[in-house]
Amino acid sequence: MKRKKCLAMLLAGGQGSRLMPLTEDIAKPAVPFGARYRIIDFPLSNCLNSGIDTVGVLTQYRPMELNDYLGMGEPWDLNRRFGGLHTLPPYQTGQRSDWFKGTANAIYQHIAFIKRYDPEYVLILSGDHIYKMNYDLMLQEHIKNHADCTIAVIDVDPKEASRFGIMNTDDRGRILEFEEKPAHPKSTQASMGVYIFSTDILIKYLQEDEADPDSSNDFGKDIIPKMLNENRRMFAYLYKGYWRDVGTLASYWSANMDAIGMDPSVEERLVLNDPGWRIYYRHLLNEPQFLGSTANVTSSIMGSGCEIDGKVEHSVLFDNVDVEEGAEIKDSVILSGAKIHAGAKVEYSIVAEDVEISNNCHVGGSQEDGNLTVVARDITVPEGTTVQPGEIVTADKMKTK
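The following paragraphs examine the structure supplied in this document. (Residues numbered from 1 in each chain as written. Predicted model: local features only at pLDDT ≥ 70, side-chain atom pairs only at ≥ 80, totals over all residues. Heavy atoms only, no water.)

**Notes on the sheet that holds strand E31 (residues 392-393)**
The six strands are arranged E16-E19-E22-E25-E28-E31 in an open sheet whose pairing can be described as parallel. Single-partner strands in this sheet number two, and they are strand E16 (301-302) and E31. The pairing of strand E19 (residues 316-317) with strand E22 (residues 333-334) spans two bridges and is classified as parallel. Bridge pairing in E22 places Leu317 opposite Ile334. (Pairing = 2+ DSSP bridges. Helix = DSSP H or I, 4+ residues; strand = E, 2+ residues; numbered from the N terminus.)

**Points about the pattern of salt bridges**
Inspection of the entire model under this criterion finds 17 salt bridges. Lys226 is the partner of Glu208 in a salt bridge, and the nearest nitrogen-oxygen pair spans 2.8 Å. With Glu208 in helix H6 (residues 199-211) and Lys226 in helix H7 (residues 219-229), this pair connects stretches of sequence that are 18 residues apart. The partly exposed category is assigned to Glu208, whose relative accessible area is 27%. Overall, Lys226 belongs to the partly exposed group, its relative accessible area being 30%. Ionic contacts of the salt-bridge type, sharing partners, join the residues Lys4, Asp53, Asp77 and Arg80 into one network. (Salt bridge = Lys/Arg side-chain N within 4 Å of Asp/Glu carboxyl O. Buried < 20%, exposed > 50% of the residue type's maximum accessible area, 1.4 Å probe, protein only.)

**Let's talk about the environment of Leu22**
By the element assignment, Leu22 lies in the loop between strand E1 (6-11) and strand E2 (32-33). Residue Leu22 is classed as buried on the basis of its relative accessible area of 7%. For Leu22 and Ile350, which are 328 residues apart along the polypeptide, the C-alpha to C-alpha distance reads 9.2 Å. Not counting residues up to four positions away in its chain, the partners in contact with Leu22 are Val31, Leu249, Tyr252, Leu335, Ile350 and Ala352. (Contact = heavy atoms within 4.5 Å.)

**Observations concerning the sheet that holds strand E27 (residues 362-363)**
Ordered in space as E15-E18-E21-E24-E27-E30, the six strands form an open sheet in which the pairing is parallel. Among the strands making up the open sheet, the edge pair consists of strand E15 (296-298) and strand E30 (386-387). Bridge count between E15 and strand E18 (residues 311-313): three bridges; the pairing is parallel. Counted as the bridge partner of Val297 is Val312 from E18.

**A short note on the pairing of strand E11 (residues 189-198)**
Most of E11 is tucked away: 10 of the 10 residues are buried. By the bridge criterion, four bridges tie strand E6 (residues 121-126) to E11 in an arrangement that is antiparallel. In the sheet register, Leu123 faces E11, and the bridge partner there is Ile196. Alignment of strand E8 (residues 149-155) against E11, held across six bridges, turns out to be antiparallel.

Here is the structure:
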């Protein structure tokens with residue numbers, strides 16, 4: 001069989017502890033986003049739009065809903081005879097079975113999958129970022145530079161650089177130094193967690209890393225520093241576009257607000273309905289929206305099947321959300337199946353799936369106070385309850401359905 005030019009390995013097994021309670025029952029890449037998508041739709045759609053037709057999705061934490069959503073890969077044109085989409089759980093041998101010990105170990109456990117397609121290059125992706133990127137342009141740079149590894153970077157605010165892994169490069173883009181969350185960054189080129197390796201180099205370093213008992217089996221902590229120490233040809237690829245790591249509740253909320261596209265302070269817009277770079281997703285529901293005579297909806301996006309009779313301002317509503325007359329939602333993310341009863345007010349909040357906000361409740365506060373409120377899935381907030389700004393309401397604090 002003809003070898004693949006480039007194969008993608010998508011790391012989608014993380015627990016997403018900083019996104020709790022949204023990730024209590026599902027893997028982080030399966031978390032809904034932007035009224036109709038899942039987080040994993042973005043790297044998968046990037047692969048399709050970049051001409052990459054073979055993707056291994058490495059799963060681990062609570063994979064059932066993610067596996068159901070991915071199916072055979074049809075929405076992303078990845079249901080193919082040779083290649084396509086493969087879900088890859090932790091690998092079991094005759095001697096032992098291990099959870100993934102780190103990002104490098106996760107790829108190491110599936111070297112046989114990589115060898116099956118014999119690619120010239122391997123693209124390694126994270127499953128928890130929102131962005132639209134042409135990986136083929138990055139691959140062409142990798143080839144032109146005769147690189148062993150190319151790392152995608154994005155220019156960040158100097159005040160924020162200490163939060164990231166920072167790449168220090170020469171004037172040709174060759175990486176000279178990698179600093180993990182430095183107190184005094186020497187540059188503003190932050191790693192995006194997107195790597196392209198020449199396959200033989202990747203396998204060599206994965207095998208050496210696995211044999212090292214002192215390694216944490218991580219690309220950023222182990223593989224990349226070792227390659228730099230051994231003077232491998234490593235280059236940074238500067239990405240210019242929208243990118244956000246949605247690993248925290250605050251960043252997840254912010255990215256959903258960016259999807260509305262009304263904030264002039266956001267330099268790079270997130271355009272979800274761009275016909276030139278579509279974000280593909282699995283259609284789980286295709287029902288019309290209903291806006292009643294008392295509905296007042298401004299600067300918002302909504303999924304299928306929503307019934308709105310109240311006021312919705314600058315918010316993202318997912319499928320089958322019901323907002324009764326007299327209810328108000330502002331600056332919030334409301335996930336599928338939630339019901340906001342008459343007289344209830346929800347501000348600067350994330351309301352998870354199948355939550356019921358009863359009559360005359362007040363959930364959250366103004367965006368200016370900076371305290372994001374979260375209500376976990378399947379919870380009923382009793383009539384007249386006030387949920388304070390910044391509070392995270394879980395099942396042990398409130399009645400569940």
